[in-house]
Amino acid sequence: MSNAPQRRTGSGTVHHRVNIGVIVFTAIFFYMAANSILYLTRGHVSFFEVEQGQIVDRDRFTGFILRDEKEVKSSENGYISFYVNNGEKAARNENVCLISKAQAGKKKSASYTLTKEDRSDIREQMLDFLKSYSDSDYAQVQDFDYDMSTIVNRAVSRNDISTASAGKTSSYQAVTADACGVISYTVDGLEGTSKKSITEETFSKAGSYSRKQTEAGSYVKASDPLFKVIKSDRWSIIIEPDEEQLERLQKMIDKAGDQSVPVEVEFVRQGFSTQADAEIFKNKGRQYVSLTIDDYMNTFCNDRYVDINLVWNSFSGMKIPAKSIAKKDFYMIPSEYLVTDSSSDQKGFYIKGGSGTEFIKPDVVLTSDDYCYVDHDDMASGTVLVNNKTGKTYSVSSTAALDGVYNINRGYTQFCPIKILYTYGDYCIIENASSNLISLYDRILLDGSDAHDGEVVY
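Residues numbered from 1 in each chain as written. Predicted model: local features only at pLDDT ≥ 70, side-chain atom pairs only at ≥ 80, totals over all residues. Heavy atoms only, no water.

**Student:** Can you break down the packing of aromatic side chains residue by residue, with the values?
**Tutor:** Counting across every chain of the model gives 20 aromatic pairs. Arranged with centres 5.6 Å apart and planes meeting at 75 degrees, the rings of phenylalanine 29 and phenylalanine 30 form a pair that is edge-to-face. Judged by its relative accessible area of 49%, phenylalanine 29 is partly exposed. The exposed category is assigned to phenylalanine 30, whose relative accessible area is 54%. Ring centres 5.1 Å apart and planes at 50 degrees place the aromatic pair phenylalanine 267 and phenylalanine 272 in the tilted group. The partly exposed category is assigned to phenylalanine 272, whose relative accessible area is 24%. Following the ring pairs from residue to residue traces out a cluster consisting of Trp235, Phe267, Phe272, Tyr296 and Phe300. When the ring centre of tyrosine 427 is taken as origin, the NZ or CZ atom of lysine 319, which lies over that ring, is 4.7 Å away. (Phe/Tyr/Trp six-rings, centres within 6.5 Å; stacked < 30°, edge-to-face > 60°. Buried < 20%, exposed > 50% of the residue type's maximum accessible area, 1.4 Å probe, protein only. Lys NZ or Arg CZ within 6 Å of the ring centre and 35° of its normal.)

**Student:** Tell me about the pattern of salt bridges, and name the residues and values.
**Tutor:** Scanning the model with the defined rule gives 22 salt bridges in all. Between aspartate 57 and arginine 248 there is a salt bridge, and its shortest N-O distance comes to 2.2 Å. Linking aspartate 57 in strand β4 (residues 51–66) with arginine 248 in helix α5 (residues 243–256), this pair joins segments that are 191 residues apart in sequence. A residue is classified by how much of its surface remains accessible, and arginine 248, at 31% relative accessible area, is partly exposed. One salt-bridge network, held together by shared partners, links Arg67, Glu69, Asp188, Glu191, Lys228 and Arg304. (Salt bridge = Lys/Arg side-chain N within 4 Å of Asp/Glu carboxyl O. Helix = DSSP H or I, 4+ residues; strand = E, 2+ residues; numbered from the N terminus.)

**Student:** Requested: an account of helix α2 (residues 116–132), with residues and values cited.
**Tutor:** Helix length check: α2, at 17 residues, gives a terminal C-alpha distance of 25 Å against a target of 24 Å (1.5 Å per residue), a fit within 8%. Residues of α2 that are buried include every one of Asp118, Asp121, Ile122 and Phe129, and no others. Considered in projection along α2, the buried side chains sweep an arc of 100 degrees and stay on one side of the axis. Facing away from the buried side of α2, by more than 90 degrees, are the exposed residues Lys116, Glu117, Leu130 and Lys131. (Expected span 1.5 Å × (residues − 1). Arc of directions from axis to C-beta.)

**Student:** Which residues make up the nonpolar core, and what are the values?
**Tutor:** Ranked by internal contacts, the top residues of the largest apolar core, which has 27 residues, are Ile237, Leu249, Val263, Phe267, Leu291 and Ile308. At the level of elements, β4, β15 (235–239), α5, β16 (261–267), β17 (272–283), β18 (286–293) and β19 (305–321) are the ones that each hand at least two residues to this core. Residues Ile80, Ile99, Ala177 and Val229 belong to the second largest nonpolar core, which totals 17 residues. (Core = buried A, V, L, I, M, F, W, Y, C linked by side-chain atoms within 4.5 Å.)

In short, the description is geometric, and any link to function would need to be established separately.
Written as structure tokens, this is what we have:
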């Protein structure tokens, strides 16, 4: 039985009432269904929000350190103490360390006092280690051990030398530096290495490399290495690039017109960078690169191998995906025809018309010293431009393809020319290069390859 509301007229005819709610609901339902179908069937637009970024083109190397250094050995058996701390500079003929002559095991036990400065240094080294520690870099633990040993060595040496100076030790020998330089108590037997002795094996030994640190208070025998004197602040890192990297560096050297070229070197673990002079040299049929540096030698005086990044290029600016870049043709017009109208202070062109010249103001998307560029939609091919100052004319016909991206801030695509500073991998660094400026946080099409101006995207 029907429940629909009915109304009976006097003549006996039955009329059904219209339910407005049902009609509205039905209309909304069909509208949502149509929009859902359109949404599911149309192509979805992916966009990228322009961001501030940096692209650094770099390659990682493990380098071998060369220095002007000389190993000094002991001439006596005995216990060693330091006059000069590790990493400090000594003058020529200055006392570097003290050998207390004795047989092994004959030295009397002694107690050593840590000063306020020693304790402060220990806390600082521990905090630095905790901040930078990484499970993937065990070498940090070794460096921490060396740093702590240096502090202990200083305390031990201070007490031993004080005792010797007071005449309480009857037999000791002072070992001096035969040249001015930085003192390092870390030796590895590679102090005599030069460019001529660099081979493939030099780099393959990095994983099994070992070094010995002379400890204050330890027993040394005659002919044991005590320390090394580093005579110059100028040092080199030797790396072994592949063919592509060598070719890239050779092009940079050729362009500079010199034997070497300045490059940026980043020290991976230490977290800083410096400039180096890069030079290619050959030894035993293989090519290597020497990176010569004039600072930070003290920081690496105990190291032989170091992890570095060689920075080829570095650019900062607005960062966009490389696949967002598209090309579009524009009319290429000599810049001498672009003028400022005296009555309106607006830029445009004078064109030849039937009754003289007419001033037009098309959208000039890009200007340079020689040319300006106008969209095809704003000017017809064959339009004759007039230079009122010289009387010269120019017929518009030449075109040029400009790089750009499609801005979708307004819900439709708008081509904006850009200037690409650098491309590396999947991204580019660009700068603003047109009147239609691309700004930070603008939305652009992620893929501009098949897009066109004026397409509605949302």
